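# Coordinates in review
The residues making up each chain are set out below.
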Amino acid sequence: MSLDLEINKAVQQGINKDLLLTNFIIQLKKDLAMSRIELENNLNEQANLNDVFDAVRVLINKLSFSQLQELLYRIDIPEISTKQTNFEIEQIKGEHLTQLIFKRILQKVVLKIKFSK
């Protein structure tokens, strides 16, 4: 997962990895909740990132187009990024959009941690 590279960059900048991952999951759940979408209850702040990725990917594939638009708007994913996705292949759609969502949420969390110091 390319997210590992982003996480490693943040850790090299002095951000605690556990704090980063905990805040990442909290922010993800918050963004989903604000879009009236619920993530599985058994995924908590200590969940494995790969498990969370898989749960979000499955969730993305189940969303209606309007729910997906609202979520992407809420998370602040540029429309141009989503236009590069081949929506005819559900597996690719879920993978690509989940990667975009995870990268954007990670950016938000890193900035919050940096500026809260």
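The structure under discussion appears in the preceding block.
The paragraphs below set out a description of the structure included in this document.

What counts and how
- Going along each chain's sequence as written, the residues are numbered from 1 onward.
- Totals for whole chains, interfaces and linings use every residue, but because this is a predicted model, local features are given only for residues with pLDDT of at least 70 and side-chain atom pairs only at 80 or more, for both listing and counting.
- Side-chain figures throughout are based on the complete set of non-hydrogen atoms in the structure, without hydrogens or water.
- Strands are runs of DSSP state E lasting at least 2 residues, helices are runs of H or I lasting at least 4, and numbering of each runs from the N terminus.
- Throughout, exposure labels follow a simple rule: accessible area from a 1.4 Å probe, protein chains only, divided by the maximum for the residue type, with under 20% read as buried, over 50% as exposed, and the rest as partly exposed.
- Two residues qualify as a contact provided that any one of their heavy atoms is within 4.5 Å of a heavy atom in the partner residue.
- In short, Shrake-Rupley with a 1.4 Å probe defines the accessible areas, and a residue's cover is counted only from the protein chains shown.
- Working definition: rings of Phe, Tyr and Trp (its six-membered ring) pair if their centres are within 6.5 Å, and the pair is stacked with planes under 30 degrees apart, edge-to-face with planes over 60 apart, and tilted otherwise.
- Counted as salt bridges are all cases of a side-chain nitrogen of Lys or Arg within 4 Å of a carboxyl oxygen of Asp or Glu.
- Here the arc refers to the set of directions running from the helix axis out to each C-beta atom.
- Axis definition: a line fitted to C-alpha atoms, limited for helices to the stretch in contact. Angles are taken between N-to-C directions and run from 0 to 180 degrees.
- Reported orientations rely on four angle classes, namely roughly parallel under 35 degrees, roughly antiparallel over 145, roughly perpendicular from 65 to 115, and oblique for the rest.
- In a left-handed crossing the near helix is turned counterclockwise from the far helix by less than a right angle, and in a right-handed crossing that turn is clockwise.
- Classes in brief: Ala, Val, Leu, Ile, Met, Phe, Trp, Tyr, Cys and Pro nonpolar; Asp, Glu, Lys and Arg charged; the others, Gly included, polar.

### Here's the deal with the overall build of the chain
- Broken down by element type, the chain carries six helices and zero strands.
- Each of the 117 residues in the chain was classed as buried or not, and the buried ones make up 39%.
- Counting only contacts in the chain whose residues sit at least 6 apart along the sequence, the fraction spanning at least 24 positions is 68%.
- With the model as given, the accessible surface of the chain reaches about 7,100 Å², and the carbon-plus-sulfur share is 50%.

### Let's talk about the packing of aromatic side chains
- Taken as a whole and judged by the stated rule, the model has two aromatic pairs.
- Judged by centre distance (5.2 Å) and plane angle (80 degrees), the rings of phenylalanine 53 and phenylalanine 102 are edge-to-face. Taken together, the residues phenylalanine 53 in helix H3 (residues 49–62) and phenylalanine 102 in helix H6 (residues 90–116) connect sequence positions 49 residues apart. In this pair, the class of phenylalanine 53 matches that of phenylalanine 102, namely buried.
- Members of the aromatic cluster, each reached through a chain of ring pairs, are Phe24, Phe53 and Phe102.

### Considerations on the pattern of salt bridges
- Evaluation of the coordinates by the stated rule reveals six salt bridges.
- With its nearest N and O atoms 3.2 Å apart, the salt bridge here joins arginine 57 to glutamate 95. Linking arginine 57 in helix H3 with glutamate 95 in helix H6, this pair joins segments that are 38 residues apart in sequence.
- Look at glutamate 95 and you get partly exposed, because its relative accessible area is 27%.
- Bridged by salt links that share partners, the residues Asp54, Arg57 and Glu95 form one connected network.

### Focus: helix H4 (residues 65–75)
- When H4 is considered as a whole, its buried residues turn out to be Leu68, Leu71, Leu72 and Ile75. The arc that holds the buried residues of H4, viewed along the axis, is 95 degrees, so those residues lie on one side.
- Looking one or two residues past H4, aspartate 76 carries a phi angle of roughly 75 degrees, positive in sign.

### Observations concerning the packing of helix H2 (residues 17–34) against H3
- Put simply, H2 and H3 touch, their axes get as near as 12 Å, and they point 15 degrees apart. In terms of orientation, H2 lies roughly parallel with respect to H3. In this structure, H2 crosses over H3, and the sense of that crossing is left-handed. Between H2 and H3, the residues in contact are Leu21, Phe24, Ile25, Leu28 and Leu32 and Leu49, Val52, Val56 and Leu59, respectively.
- Of the residues assigned to the contact of H2 with H3, the class counts are nine nonpolar, no polar and no charged.

### Focus: unusual backbone geometry
- Although it is not a glycine, arginine 36 adopts a positive phi angle of roughly 60 degrees.
- Relative to the assigned elements, arginine 36 resides in the loop between H2 and H3.
- Even without being glycine, aspartate 76 reaches a positive phi, approximately 75 degrees.
- Looking at the element boundaries, aspartate 76 is found in the loop between H4 and helix H5 (79–83).
- Its relative accessible area of 47% is what places aspartate 76 among the partly exposed residues.

Taken by themselves, the reported measurements are silent on function.
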